[in-house]
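# Structure assessment
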Amino acid sequence: MLCGGPSAERGISLNSARSVLDHVRGPGIDVECFYFDRALRAYAVSTKQMYSNTPSDFDFKLRRSVHRDAARLTGAEISESETSDSFFPDPASLASHLAARRAIAFPAVHGAFGEDGDLQAVLERAGVPFVGAASAAAAVAFDKALCASALRAAGFPTLRALVLQSP
């Protein structure tokens, strides 16, 4: 389960992830959750944490993880309990982790990065199968003008529209 992300829709993403968790967890199904912060760093989070926090709570708690990771890199002393969180500095490193585990990703990231095809492209490059549309289709669907044009080209009726550009 992938959630969070850089957009203002992070809270909606968490709600979506919780709803999916409610329906996919069961005997023989191992679900791991990963939260992207605004800088697209990914963190493994427990399902318990998924059900008890807002994006602000996640960001606050995960900032401590970033400090632990910095301490680890500089050789500062940290306790064993502080090294248990999985941290991925960018989406590609998380995708490599998922590929090595032969995982199937369920992106529940809303807005830019989650719905515009960027996350899907990262997963595709790493060979990680995922639920949802391929990156190219997601990119077209995310851009409303491009989507309407693609629908018209495929023979679907669409309303006339005008795209305004800011100067």
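The following paragraphs examine the structure supplied in this document. For every chain, the first residue of the written sequence is number 1, and numbering continues from 1 onward in sequence order. In view of the model being predicted, local features appear only for residues whose pLDDT reaches at least 70, and side-chain atom pairs are presented and counted only at 80 or more, with totals across whole chains, interfaces and linings using the full set of residues. Side-chain numbers come from the whole structure's heavy atoms, not from hydrogens or water.

## Here we look at the pairing of strand β2 (residues 33–36)
Three labels apply to residues, based on accessible area from a 1.4 Å probe with only protein chains included: buried if under 20% of the type maximum, exposed if over 50%, partly exposed otherwise in between. Starting at the N terminus, helices and strands are each numbered in turn, a helix being any DSSP run of H or I of at least four residues and a strand any DSSP run of E of at least two. Burial along β2 is two-sided: the residues Cys-33 and Tyr-35 and Phe-34 and Phe-36 are all buried. The pairing of strand β1 (residues 2–4) with β2 spans three bridges and is parallel. Within β2, the position partnered with Gly-4 by the bridge is Phe-36. Following the backbone out of β1, through helix α1 (residues 10–24) and into the adjacent parallel β2, one traces a crossover that is right-handed. Two strands qualify as a pair provided DSSP detects at least 2 bridges between them. With the strands pointing away from the viewer, any crossover whose connection runs clockwise from the first strand over the helix to the second is right-handed.

## What to know about the sheet that holds strand β4 (residues 87–88)
Strand order in the open sheet formed by four strands is β1-β2-β3-β4, with mixed pairing between adjacent strands. Strands at the two margins of the open sheet, each flanked by one partner only, are β1 and β4. Should any heavy atoms of two residues lie within 4.5 Å, those residues are counted as being in contact. For helices, the fitted axis covers only the stretch in contact; all axes are lines through C-alpha atoms, and the angles between them, taken along N-to-C directions, range from 0 to 180 degrees. Set on the sheet, α1 makes contact with β1 and β2; between it and β1 the angle comes to about 150 degrees.

## Considering the environment of Met-1
Within the fold, Met-1 resides in the segment before β1. With a relative accessible area of 8%, Met-1 lands in the buried category. Taking C-alpha positions, Met-1 is 6.0 Å from Ala-105, a pair spaced 104 residues apart along the chain. Here Met-1 is in contact with Ala-17, Val-20, Leu-21, Val-31, Glu-32, Cys-33, Phe-34, Phe-106 and Ala-108, once residues within four sequence places are set aside.

Such coordinate-based values are descriptive only and should not be taken to indicate function.
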